[in-house]
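# Topology and contacts: notes
Now for the letters of each chain:
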Amino acid sequence: MTFVIPSKLFGVLLSGAVAWTTLACAPALHAAEDKTLVVRFYDDPAGFDPANIFRIENENIAFNIFSGLTTYDSKTGKIIPDLAESWETKDNLTWTFRLRKGVQWQKGYGEFTAADVIYSYKRVLDPQTASPYASELAGIDTMEAPDPYTLIIRLKAPNGGFLHTVANYHQGQIVKKEAVEAAGNQVRWKPVGTGPYALESIDVNSRIVLKRHEGYYKGPAPIATLDFHIIKDDATAAIALRNGEIDVLMRQSKEEQLQILKEAGFKMNHVDNYASSLKVMNLSDPILKDVRVRQAIAHAIDYAAITEAIAPSLQGTATSLLMPWMDVYSKDAPTYGYDPEKAKKLLAEAGYPDGFVLKTLGTSAQGVTEQQQFEIDYLSQVGIKMELELVDTPTFNQRRNKGDFMTASRLLPAINPDMILFSYLHPSNIAPKGLNGARYDNPELTATIEAARAEAEPERRMELYAKAQKIAMTDLPYLPATSSNVFWPSKTEVNGVTINYLAQVNFWEVTK
């Protein structure tokens, strides 16, 4: 299936009375040139509609097509202005955003205004859109645009992390009503945004081409064309880089290939500990609903040893849903060291002294990974027979989003800790409404994370987040398996490939 997209015409947390104001945006780093950057894209594209987008490779495309009211500094992860050049709030309840003037939509759709933001958020909230990110905006009570460049959003309850909610990520990405309506049921393949690049064409089997948005409000990007080549196999992608067929290798997931490229002198662009890779345990399953079984699985697998054996550069150990670099991370939550005898004891107490069959949903594109092979071996030593259900990637995504599995994997990059806690643990996000694929619902934890999000006093806020992490790791609906590092090797002459904590690259900053 090939689409060619025609042109129609051609962290800051604010509280009290504090206001954030920015000066004029920075100029383009380099003069715009007619250059092409060839980038490896590592899986079948799944579309770029912010309301329903998922998987990091697709999010990288959307991140460069769309904008949010805010965005993230590539190096520090701090909230910085995007379509909103300033904002203010007195109580974390009413937020007033001052929007940039003169921002142009791609494809000749005219100037961006506050009405576009209101449309975008209402679209995500509309049940007919079936957005898994609707709950992120569910706290909005009213939206008002007194003029085209002012937006006032009143929330149902204070939210100190609201600037994350409206950032350039998922539900925060602003779409154009007329472009969405024109695309109809092909909207995921016809994205139109205000970001530095516009979709030029896509062949879902081979290539995605983005062209520089000449009217981007920060100025044209240095690279004119981003040519993404779909290369699923990591070894083939490494060969393509070594042969000069691509300039940047989006995500290299094989340790051996990383070492080869490093020794060959390629630039090893990377970010460490950007997210926890989780084993999602479906609590509607009659076996996994017993917490002792879930804790037994945690004690049965030595993830530290697996990481050291297969991918010491690409993975680290994970002990929480949150990452240690987050300001609300707590070290006091329970952890589960490798202890097969304790695992057997827990299984016996739960009524499974001889183990059981544990079905795990996976993708045929990845096949049986080395990590899964180790998991199968470790679990067999306590009597658990792990069986893989390998399906094609679209089916995997559909079943995972519906919660149609016994266990599955999930990795959700996020800079906002609330996004992780609410997405995985809040009952309003139970699949298929959201990412709570474990179908977890603990009223005590729900009340705790809601209180933490609203709390303005730092010490009390930290206490609440620590309590939430302790409950989550005791109940263990999600087992943190590994922390993930991501590498984008590139040619040495490619500069500015800064991978943020969402595993995204702002190609406006890239030069060649």
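Shown above is the structure to which this text applies.
These notes cover the structure that comes with them. (Residues numbered from 1 in each chain as written. Predicted model: local features only at pLDDT ≥ 70, side-chain atom pairs only at ≥ 80, totals over all residues. Heavy atoms only, no water.)

### A word on the side chain of serine 330
The cut-off we apply is this: Each helix is a run of DSSP H or I of at least 4 residues and each strand a run of E of at least 2, with the numbering of both proceeding from the N terminus. What makes two residues a contact is simply this: any of their non-hydrogen atoms within 4.5 Å.
Considering the arrangement of structural elements, one finds serine 330 in the loop between β15 (315-317) and α10 (340-349). Those residues in contact with serine 330 that lie beyond four places of it in its chain are Met462, Ala466 and Gln469.

### Considering the packing of helix α9 (residues 303-310) against helix α11 (residues 370-380)
Spelled out, the test is: Lines fitted to C-alpha atoms define the axes here, with helix axes fitted over just the stretch in contact, and angles between the N-to-C directions of these axes take values from 0 to 180 degrees. Take the far helix as the reference: if the near one is turned anticlockwise from it by less than a right angle, the crossing is left-handed, and if turned clockwise, right-handed. In this count, Pro and Cys sit with the nonpolar residues alongside Ala, Val, Leu, Ile, Met, Phe, Trp and Tyr, while Asp, Glu, Lys and Arg are called charged and the others, Gly among them, polar.
Put simply, α9 and α11 touch, their axes get as near as 10 Å, and they point 140° apart. For the pair α9 and α11, the sense of crossing is right-handed. For the pair α9 and α11, the contacting residues are Tyr303, Ala305, Ile306, Ala309 and Ile310 in the first and Glu370, Gln371, Phe374, Glu375 and Tyr378 in the second. Split by residue class, the contact of α9 with α11 holds seven nonpolar, one polar and two charged.

### Description of unusual backbone geometry
The omega torsion across alanine 431 and proline 432 is 10°, close enough to zero to call that bond cis. Within the fold, proline 432 resides in the loop between α13 (417-425) and α14 (443-454). Positive phi, close to 75°, is recorded for arginine 55, a residue that is not glycine. Within the secondary structure, arginine 55 sits in the loop between β3 (36-41) and α1 (56-65). One non-glycine residue, asparagine 92, adopts positive backbone phi at about 60°.

### Examining helix α15 (residues 458-475)
Let me state the cut-off plainly: Take the residue count of a helix, subtract one, and multiply by 1.5 Å to get its expected span. Throughout this description, buried means an accessible area under 20% of the type-specific maximum (1.4 Å probe, protein chains only), exposed means over 50%, and partly exposed covers the range between. In protein, a polar contact means a hydrogen-donor-capable atom and an acceptor-capable atom, both N or O and within 3.5 Å, with residues adjacent in sequence counting only if both atoms are side-chain atoms; elsewhere, any N or O pair within 3.5 Å suffices.
In this model, α15 (18 residues) spans 26 Å end to end at C-alpha, consistent with the 26 Å of a helix rising 1.5 Å per residue. Turning to α15, its buried residues are Arg461, Leu464, Tyr465, Ala468, Gln469, Ile471, Ala472, Met473 and Asp475. Of the surrounding elements, those touching the buried residues of α15 are α8 (291-300), α13, α14 and β19 (478-490). Taking the backbone nitrogen of glutamate 459 as reference, a side-chain oxygen 3.3 Å away marks glutamate 457 as the first, capping residue of α15. Positive phi shows up at leucine 476, right after α15, with a value of about 55°.

### What to know about the environment of valine 497
Mapped onto the elements, valine 497 comes out in the segment after β19. In the structure, valine 497 is positioned 12 residues away from glutamate 509 in sequence and 7.4 Å away in space, judged by C-alpha atoms. Setting aside residues up to four positions removed in sequence, valine 497 forms contacts with Asn269, Trp488, Val505 and Val510.

### Concerning helix α7 (residues 255-263)
Formally: The directions from the helix axis to the C-beta atoms form the arc being described.
Taken together, the buried positions of α7 are occupied by Glu255, Gln257, Leu258 and Leu261. All buried residues of α7 project into a common sector of 160° when viewed along the axis, lining one side. Among the exposed residues of α7, those pointing more than 90 degrees away from its buried face are Glu256 and Glu263. Along its buried surface, α7 packs onto α6 (234-242), β13 (248-249), β14 (267-281), α9 and β19. Among the residues trailing α7, glycine 265 stands out with phi positive, at a value near 95°.

### Quick notes on the nonpolar core
Definition in use: Here, nonpolar core refers to any group of buried Ala, Val, Leu, Ile, Met, Phe, Trp, Tyr and Cys residues whose side-chain atoms link them within 4.5 Å.
Ranked by internal contacts, the top residues of the largest apolar core, which has 118 residues, are Leu69, Phe97, Tyr121, Phe228 and Phe507. Once residues within four sequence positions are removed from consideration, phenylalanine 507 is found in contact with Leu37, Val39, Asn64, Tyr197, Leu226, Phe228 and Trp488. Membership of the second largest hydrophobic core comes to 45 residues, among which are Ile310, Leu314, Val382 and Ala481.

### Digging into the pattern of salt bridges
Heads up, the rule is: Take a side-chain nitrogen of Lys or Arg and a carboxyl oxygen of Asp or Glu: if they are within 4 Å of each other, that pair is a salt bridge.
Taken as a whole, this structure holds 22 salt bridges when the rule is applied. Among the salt bridges present, the one from arginine 123 reaches aspartate 49, with a minimum N-O distance of 2.6 Å. Here arginine 123 is found in helix α2 (residues 114-125), whereas its partner aspartate 49 is found in the loop between β3 and α1, with 74 residues between them in sequence. Of the two residues, arginine 123 and aspartate 49, neither departs from the other in class, the shared state being buried. One salt-bridge network, held together by shared partners, links Asp43, Arg55 and Glu57.

### Points about the pairing of strand β6 (residues 84-89)
A regular strand places its side chains on the two faces of the sheet in alternate fashion. This is how it is decided: By this definition, two strands are paired if DSSP reports at least two bridges between them.
Sheet topology note: the β6/strand β7 (residues 94-99) ladder contains five bridges and is antiparallel. For alanine 84, the partnering residue across the bridge sits in β7 and is leucine 99.

### Quick look at the packing of aromatic side chains
The criterion, for reference: Aromatic rings from Phe, Tyr and Trp, taking only the six-membered ring of Trp, are treated as a pair when their centres fall within 6.5 Å; an angle between ring planes under 30 degrees marks them as stacked, one over 60 as edge-to-face, and anything in between as tilted. Each ring is checked for a lysine NZ or an arginine CZ that lies within 6 Å of its centre and within 35 degrees of its normal; such an atom marks a charge sitting over the ring.
For the structure shown, the criterion picks out 14 aromatic pairs. Both rings, one in phenylalanine 97 and one in phenylalanine 162, keep their centres 6.5 Å apart while their planes meet at 50°; by these two values the pair is tilted. One end of the pair, phenylalanine 97, is in strand β7; the other, phenylalanine 162, is in helix α4 (residues 162-165), and 65 residues separate them in sequence. Ring centres of tryptophan 325 and tyrosine 501 lie 3.9 Å apart, and the angle between their planes is 15°; on these two criteria the pair is classed as stacked. Here tryptophan 325 is found in the loop between β15 and α10, whereas its partner tyrosine 501 is found in the segment after β19, with 176 residues between them in sequence. Residue classification places tryptophan 325 among the partly exposed residues on the basis of a relative accessible area of 27%. A residue is classified by how much of its surface remains accessible, and tyrosine 501, at 22% relative accessible area, is partly exposed. An aromatic cluster is built from Phe41, Phe228, Trp488 and Phe507, whose rings are joined through pairwise contacts. The ring of tryptophan 508 carries the charged tip of lysine 218 above its face, separated from the ring centre by 5.2 Å. The ring of phenylalanine 422 has arginine 453 sitting right over it, with the charged end atom 4.0 Å from the ring centre.

### Some points on the side chain of histidine 299
Its place among the elements puts histidine 299 in helix α8. What makes histidine 299 buried here is its relative accessible area of 6%. Beyond its immediate stretch of four places on either side in the chain, histidine 299 contacts Tyr336, Gly337, Tyr338, Asp339, Pro340, Lys342, Ala343 and Leu346.

### Considering the pairing of strand β12 (residues 225-230)
Judged by how many residues are buried, β12 sits mostly within the fold: five of six residues are covered. Relative to β12, β3 runs parallel, the two sharing six bridges. Note that in β12 the partner of valine 38 across the bridge is aspartate 227. Relative to β12, strand β11 (residues 207-212) runs antiparallel, the two sharing five bridges. Paired with lysine 211 across the strands is threonine 225, a residue of β12.

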